[in-house]
Amino acid sequence: MKKPTKSNMYLDAKLEQLAAFDAAIDGDVDADVCIVGFGRLPDQVLSALRAACAGIGMPDPVVVDASQLAEPANATYVLEALDPAAVIVADEVAAEMVSDGYHAKLPLNAPVRLLGRPVVAFESFQADLADDKLKQRDWALLKTLKRK
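Residues numbered from 1 in each chain as written. Predicted model: local features only at pLDDT ≥ 70, side-chain atom pairs only at ≥ 80, totals over all residues. Heavy atoms only, no water.

A. Spatial organisation of the packing of helix H1 (residues 9-18) against helix H3 (residues 72-82). H3 packs onto H1 with a crossing angle of 165° between their chain directions and a minimal axis gap of 10 Å. Compared by their axis directions, H1 and H3 come out roughly antiparallel. As for how H1 packs across H3, the hand of that crossing is left-handed. Residues Lys-14, Gln-17 and Leu-18 of H1 pack against Tyr-77, Val-78, Ala-81 and Leu-82 of H3. Residues belonging to the contact of H1 with H3 are distributed by class as follows: 5 nonpolar, 1 polar and 1 charged. (Axes fitted to C-alpha atoms, helices over the stretch in contact; angles between N-to-C directions. Helix = DSSP H or I, 4+ residues; strand = E, 2+ residues; numbered from the N terminus. Parallel < 35°, antiparallel > 145°, perpendicular 65-115°, else oblique. Left-handed = near helix turned anticlockwise from the far one by under 90°. Contact = heavy atoms within 4.5 Å. Nonpolar A, V, L, I, M, F, W, Y, C, P; charged D, E, K, R; others polar.)

B. Geometry of unusual backbone geometry. Even without glycine at this site, Asp-60 takes up a positive phi of about 55°. Structurally, Asp-60 is set in the loop between helix H2 (43-55) and strand E3 (62-65).

C. Region of interest: the pattern of salt bridges. Within this structure, the stated rule accounts for 8 salt bridges. Of the charged contacts, one joins Arg-40 and Asp-43 as a salt bridge, the two residues approaching to 3.3 Å between their closest N and O atoms. In this pair, the class of Arg-40 matches that of Asp-43, namely exposed. With its nearest N and O atoms 3.5 Å apart, the salt bridge here joins Asp-132 to Lys-135. Within this pair, Asp-132 and its partner Lys-135 are both found in helix H6 (residues 132-143), separated by 3 residues, close to a single helical turn. Looking at Lys-135, the relative accessible area reads 35%, which means it is partly exposed. Where salt bridges share partners, they join Glu-80, Asp-83 and Arg-117 into one cluster. (Salt bridge = Lys/Arg side-chain N within 4 Å of Asp/Glu carboxyl O. Buried < 20%, exposed > 50% of the residue type's maximum accessible area, 1.4 Å probe, protein only.)

So, to be careful, I would describe these as geometric facts and stop short of saying anything about function.
Take a look at the structure:
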């Protein structure tokens, strides 16, 4: 977990809440976008998602490895503590974990709002990269996360 150089009481509280999940979090805890995947996401997937985030004006997302969170309630806890403006769920297993944690079924390959926050959950963003039509669909879905 990357700690910002400036500190304040809100950031200190956030870091304290997230300390137990440090191994699962990679990036700036104040990022606008959080990418959630189950297991370490391949470099190709991270690169594509980071480029997409930059393309919608939300560069440098924080990445959460849901496989290190142990249970769905922890996924909810971490996402709420991070409090990103938008969430990208990279695979079906992570989507199930987030769905269970929030007690709300996330539709796959469709935009949705979760507690007011825009979310896109993919069945398999990694597999989609091999198909041009699916890449176009995914880019269209990712653009729905853009702030208006």
